[in-house]
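# Topology and contacts: notes
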Protein chains: 4
Amino acid sequence: MYKNPHYFSHLAHVELISPKLEESAEFFKNIIGLEESGRQGNSVYFRAWGEHYHHSLKITEGTEPGLGHIGWRADSPAALEEAAVQIEKLGQGIGWIEGDLGHGRAYQFTSPDGHLEEIFWDVEVYEAPATLQSKWKNRPQKNPGRGISPRRIDHITLHSNDVTKDREFYQNIGFRYNEGIFLDANEPGSPEIGAWLSVTNLSHDIAFLKSHNGKPGGFNHVCYAVESREEVLLAADHIIENGYELAMGGPTRHALAEGFFFYVDEPGGNRFELYAGAHLVFAPDFGPYRWSLPENPNDAWGREMPWDKSGKIIK
Amino acid sequence: MYKNPHYFSHLAHVELISPKLEESAEFFKNIIGLEESGRQGNSVYFRAWGEHYHHSLKITEGTEPGLGHIGWRADSPAALEEAAVQIEKLGQGIGWIEGDLGHGRAYQFTSPDGHLEEIFWDVEVYEAPATLQSKWKNRPQKNPGRGISPRRIDHITLHSNDVTKDREFYQNIGFRYNEGIFLDANEPGSPEIGAWLSVTNLSHDIAFLKSHNGKPGGFNHVCYAVESREEVLLAADHIIENGYELAMGGPTRHALAEGFFFYVDEPGGNRFELYAGAHLVFAPDFGPYRWSLPENPNDAWGREMPWDKSGKIIK
Amino acid sequence: MYKNPHYFSHLAHVELISPKLEESAEFFKNIIGLEESGRQGNSVYFRAWGEHYHHSLKITEGTEPGLGHIGWRADSPAALEEAAVQIEKLGQGIGWIEGDLGHGRAYQFTSPDGHLEEIFWDVEVYEAPATLQSKWKNRPQKNPGRGISPRRIDHITLHSNDVTKDREFYQNIGFRYNEGIFLDANEPGSPEIGAWLSVTNLSHDIAFLKSHNGKPGGFNHVCYAVESREEVLLAADHIIENGYELAMGGPTRHALAEGFFFYVDEPGGNRFELYAGAHLVFAPDFGPYRWSLPENPNDAWGREMPWDKSGKIIK
Amino acid sequence: MYKNPHYFSHLAHVELISPKLEESAEFFKNIIGLEESGRQGNSVYFRAWGEHYHHSLKITEGTEPGLGHIGWRADSPAALEEAAVQIEKLGQGIGWIEGDLGHGRAYQFTSPDGHLEEIFWDVEVYEAPATLQSKWKNRPQKNPGRGISPRRIDHITLHSNDVTKDREFYQNIGFRYNEGIFLDANEPGSPEIGAWLSVTNLSHDIAFLKSHNGKPGGFNHVCYAVESREEVLLAADHIIENGYELAMGGPTRHALAEGFFFYVDEPGGNRFELYAGAHLVFAPDFGPYRWSLPENPNDAWGREMPWDKSGKIIK
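Named according to an unreviewed UniProt entry, chain A is VOC family protein originating from Metabacillus endolithicus. The UniProt entry for chain A carries the following comment under Cofactor (unreviewed entry): "Fe(2+)". One UniProt comment on chain A, placed under Sequence similarities (unreviewed entry), says "Belongs to the extradiol ring-cleavage dioxygenase family."

Scanning chain A from terminus to terminus reveals four helices and 17 strands. The C-alpha radius of gyration computed for chain A amounts to 19 Å, which stays within 12% of the reference 20 Å derived for 315 residues, consistent with globular compactness. Split into buried and exposed, the 315 residues of chain A put 66% on the buried side. Across chain A, the fraction of contacts at a sequence separation of at least 24, relative to all contacts at a separation of at least 6, is 65%. Only carbon and sulfur atoms are counted for the fraction: they give 47% of the accessible area of chain A, which is about 10700 Å². For chain A, the centre of its 29 positive side-chain charges and the centre of its 45 negative side-chain charges are spaced 3 Å apart.

Our next topic: the relation of the copies chain A and chain D. Note on the identical chains: chain A maps onto chain D by a rotation of 180° and an axial translation of 0.0 Å, with an RMSD of 0.0 Å. Each copy turns onto its partner about a two-fold axis. An overlap of 100% is found between the interface residues of chain A and their copies at the interface of chain D, pointing to a shared contact surface.

Interfaces are frequently sized by the accessible area removed from exposure as the parts join. All names here are of chain A. For chain A, the assigned domains read domain 1 (8-132) and domain 2 (152-295). Centre-to-centre, using C-alpha coordinates, domain 1 lies 19 Å away from domain 2. In this complex, domain 1 contributes 40 residues to the contact, which on the side of domain 2 involves 41 residues. When domain 1 packs against domain 2, close to 3000 Å² is buried across both sides, 71% of that on carbon and sulfur atoms. At the boundary of domain 1 with domain 2, the tally comes to 15 residue pairs in polar contact (both at pLDDT 80 or more). Elements supplying a minimum of two residues to the side of domain 1 that touches domain 2: strand 1 (8-18), helix 1 (21-32), strand 5 (66-74), helix 2 (77-89) and strand 7 (106-110).

On to the interface of chain A and chain D. If you look at the interface, chain A gives 18 residues, while chain D gives 18 residues. Here chain A packs against chain D, burying approximately 1500 Å² in sum over the two surfaces, 50% of which is carbon and sulfur. The largest contributions to the chain A side of the interface with chain D come from Lys135(A), Trp136(A) and Glu241(A), which together make up 39% of the buried area. The tally of links between chain A and chain D comes to two salt bridges. Linking Arg139(D) and Asp237(A) is a salt bridge whose minimum nitrogen-to-oxygen distance equals 3.1 Å. Considering only residue class, the side of chain A that touches chain D consists of three nonpolar, eight polar and seven charged.

It is worth spelling out the environment of Gln141(A) at this point. By secondary structure assignment, the location of Gln141(A) is in the loop between strand 8 (116-120) and strand 9 (152-160). Using a relative accessible area of 0% as the deciding quantity, one classes Gln141(A) as buried. Expressed as a C-alpha distance, the spacing of Gln141(A) and Gln86(A), which sit 55 residues apart in the sequence, is 37 Å. Those residues within four positions of Gln141(A) in sequence are excluded, and the remaining contacts are Glu35(A), Arg47(A), Trp49(A), Tyr126(A), Ala128(A), Leu132(A), Ser134(A) and Glu241(D). There is a polar contact of 2.7 Å between the side chain of Gln141(A) and the side chain of Arg47(A).

Between helix 4 (residues 229-241) of chain B and helix 4 (residues 229-241) of chain C, the shortest axis-to-axis distance is 9 Å and the interhelical angle comes to 95°. Looking at the two axes, helix 4 of chain B sits roughly perpendicular to helix 4 of chain C. The residues of helix 4 of chain C that touch helix 4 of chain B, namely those facing Glu230(B), Glu231(B) and Leu234(B), are Glu230(C), Glu231(C) and Leu234(C). For the contact of helix 4 of chain B with helix 4 of chain C, the residue count by class is two nonpolar, no polar and four charged.

Here we come to the UniProt feature "domain: VOC" (unreviewed entry) in chain A. Residue and element names in this part refer to chain A. UniProt's feature table lists "domain: VOC" (unreviewed entry) at residues 10-122 and 152-277, given in the numbering used throughout. What you have in residues 10-122 is 22% helix and 43% strand, and the ends, taken at the C-alpha atoms, are 14 Å apart. End-to-end, the C-alpha atoms of residues 152-277 are 14 Å apart, and along that stretch the chain is 18% helix and 39% strand.

Next up on the list: helix 3 (residues 163-172) of chain B. All names here are of chain B. When helix 3 is considered as a whole, its buried residues turn out to be Val163, Asp166, Arg167, Phe169 and Tyr170. The buried residues of helix 3 occupy one face: seen down the axis, they fall within an arc of 160°. Positioned one or two residues after helix 3, Gly174 has a phi angle of 100°, which is positive.

The rules we used
Residues numbered from 1 in each chain as written. Chains lettered and ligands numbered in written order. Predicted model: local features only at pLDDT ≥ 70, side-chain atom pairs only at ≥ 80, totals over all residues. Heavy atoms only, no water. UniProt positions renumbered as here; feature names shortened; annotations may be inferred. Helix = DSSP H or I, 4+ residues; strand = E, 2+ residues; numbered from the N terminus. Rg over C-alpha atoms; globule rule 2.2 N^0.38 Å. Buried < 20%, exposed > 50% of the residue type's maximum accessible area, 1.4 Å probe, protein only. Contact = heavy atoms within 4.5 Å. Areas by Shrake-Rupley, 256 points an atom, 1.4 Å probe, with all protein chains shown as cover. Lys, Arg positive; Asp, Glu negative; His and termini not counted. Charge placed at Lys NZ, Arg CZ, Asp CG, Glu CD. Least-squares fit on C-alpha atoms with pLDDT ≥ 70 in both. Domains from an automatic or database assignment. Buried area = accessible area lost by both parts, 1.4 Å probe. Polar contact = N/O pair within 3.5 Å; in protein donor to acceptor, adjacent residues only side chain to side chain. Salt bridge = Lys/Arg side-chain N within 4 Å of Asp/Glu carboxyl O. Nonpolar A, V, L, I, M, F, W, Y, C, P; charged D, E, K, R; others polar. Axes fitted to C-alpha atoms, helices over the stretch in contact; angles between N-to-C directions. Parallel < 35°, antiparallel > 145°, perpendicular 65-115°, else oblique. Arc of directions from axis to C-beta.

Right, dumping it as structure tokens:
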């Protein structure tokens, strides 16, 4: 009888590689408004004001922009051990590492397409210094109101050379497959263009888009959330007034997952998404809802898509 | 090594008793804007436009307003069986029933204070008739825009004569204890005034408040969610323009759980809450955050509380 | 010494011609959510819930969609007489008519490009029937919450074969020229593509766009306002769920005048704009701010423009 | 035949007296987020980011908090001269002064209750330094996103020992009397508790409340506007997180004029209101709508009033 293993609890952090570390750090601190929570080696760590851990973003200097690694919180100490066993059984395991700033011992693995990931249980819970303490005890710190000031990390979207294979791997480690895009969703075997999966009640914690360039382990964007669509609109002006461009035009609503969003490319070349208003998923057997590419799942209101007719990403 | 059992998936429905069935049904249909999804015996069933099941609210005629029962969706078929075993072990089990409109076989139980509940796996997934079908396949139907038009059920809040006992029972069946109120949160053994718990990423799926009248199985309110605080504000005007009063004044923000809300009493005498903007909880070891009554966890912005100094509900 | 004549008070109503009267009436009543306030001959009259007059929209059956006439409220009885004298002096006067449903004696005139207009003082103040009366005495009726339910008319945008001439005529009857578009705003004599003018504190009560087809008295759109950008977003979904398309894509922000908007074409072929968030203009010597076409005054956030490089409207 | 004189164009600035100049300046700069635009003598000048003049707020050191003076922009050079003649005729004139930072020659006068005011035409139009320039030419500067960051001044509310007399004076200089409060609005001669008047399309530019202490020229609050109710909600948290209290509780909606608001007292003791969502008034013969005190015009949603039963301000 089927039972969800619940190895994973939620997306804890993302490491991005930037060829312009200080410019990227400046962008995330002052334009986006994250809090710098640490520096180590050639990495800078950030957390959003509403997050209870040490960091949700690590930026590491490197030659090419892209993904460093993804960090997941396990659901419990036992779930962590079980996850390691299951991932090893699926042939994607790497092994245990000692941890990083803000969290302990972690089990490393890769997605089938080669994205480096880790899962861990032990974390450092953030304690705000006096000047940042909130009047409300359930907030890890006060909202600094600097830049866009998102509240929390939302999800990560990756490129994959075989969306089906990656999607199935995540389903095999307990992720729910919520929605997907195919060239023709009504035709069995039609090429799979994208897949959206979650372990939480979010519309997705991770998504895969068909890669456009054949490189393994590709990165599309990391997304942070504000709490209202009005804040997304205010943020759009803020981004432009501070010298950046919205990467695919003004805020609009995704049909798939329903997030109200815009993209902006940070100075190091990595895409950032701002998000509000995505639906939550409660049914454990929700979906999957399968979209055909011509249904334009990217924009509920009719704007041109970032894919060409073959499903290749063009924006 | 600790592991969360994940018996429960989410709050699926609530049954309320109304001494004025047709007036209550009219209120939920036209003022709140739920969809009537069935009638059977002396019960009327409703669902919100964004819900994928047959109903989230059942109103049954009876002499006194209050709770009929609470329905939970299990996390999986196996989780349902395990839940029954665990609840029986805890001495709160009643036994299996055949189901109801919209769902199959369910295991009945009571909370320590006597609230009737059930957990089930098999559900009827809602299929909209042609006139209500949405243009977007991930929406179970189009938003009818009638009344307040909430998207989904959010949580239920109950009265308990022993908050501690009820809270511990729910912790023992896998609920996370997120936040709570005590007369003095810093004093061990201080009377427990309220407890907020969840199995989802919502700030709470169920809450308990210290009962004011000694009756077992008491009900405080059922809450539905809209997607923005602006919609809560629009709804406040709508409620008043249609002849109802906001039960505790205009919309404001809870400090505990952060929901932006108002209450209104339906014609049958049951309290309804409208909600947006509550924080989500991702960390499996979040909190619990313990508030002292004088910290006014009910209102972040300073309005008078619904409790007297002894923690007795007065509104 | 300069003195503003203040002949006009504000835009009171617009008459549109529809080849599909009943379909247009159905659209404005149930999709947009205006109140039908009268029928006479082959015309149907509508008002928005927040308007204090008999109507702000009159739809008259006719062979081609387009403008019927524009009705302006004078600033006072004396201002009405002075307006007639001034307009006659400018060579645009037609003469006095007896009035229409909802208003009295009016002075008719045309814009230089041939748009039929009228100015009047005597109006019928709307009195809501008991079922529509608001709890708040400063609201002419309760918000029915039907369809988009805009609060009030905002402005009208017309086509002109000589924007400069039309703009100057309106300036000569007391309108403030707030903003405008030229092929190259920095080059004297550059072709004038558009002009935005107001007599109120709105960003514009009337605007002119260079006509694309040479026909006189052309119509671009009529605009109604809701009170928040969130309501514009909710309305976008509502429009699409009810079988209509957004004429130029999802909601976005105009750079010029700053309104957050979308367009939809009603069944009779006339364009309707929904609006929120435009700035208000208080300085009597505000602007004019002159934009060059390549600055994309139509979209603050970078979406493609509705003009080609010569300033010809293409959408 | 009646004609509105249109002497006044709009509220340009307010001078407040503060016994704690530097603390007040710090509050308006960093908590409210106005831009410091000048210092002279023992005064500090501020403007909001969306304002086109040199300042809208002047804070001057003094022994007691309260009003310094109110500055109005005339509608035109001719209107300024006519205003001076009319005010002198009404016996409230003082005479011409040379001006101040940011504006030229002004005619000083007092309200019947003794509030010092001035009207002027010549103003200095603000030019942003390079670092503050907006990407959009119709914005005087970019939104700095510091503190609450209101866009513009909205209105001023004063105390008066004879509301009727003050109200009639403003009506005699061209203000429209929009709404008012009486002990019993249906009884002729009932004491007048408050009056709301405007020269613009705002719901009020100036309001008078019955004084509670007999002092002449009393001040209640100055109000600035943001563009959405969501921003008012965000601002409420910001105020509290930064160590201030909301003076009369969380944001709520005025029934009279409809603004969504909260109050906060600045360190010098003057009350500040934040505002969004007030209705606009277009009809030149709008209202006046007369409220009885028990109708609670202060709060549309039922919260306790700031007046006792005799109409005396108690909060």
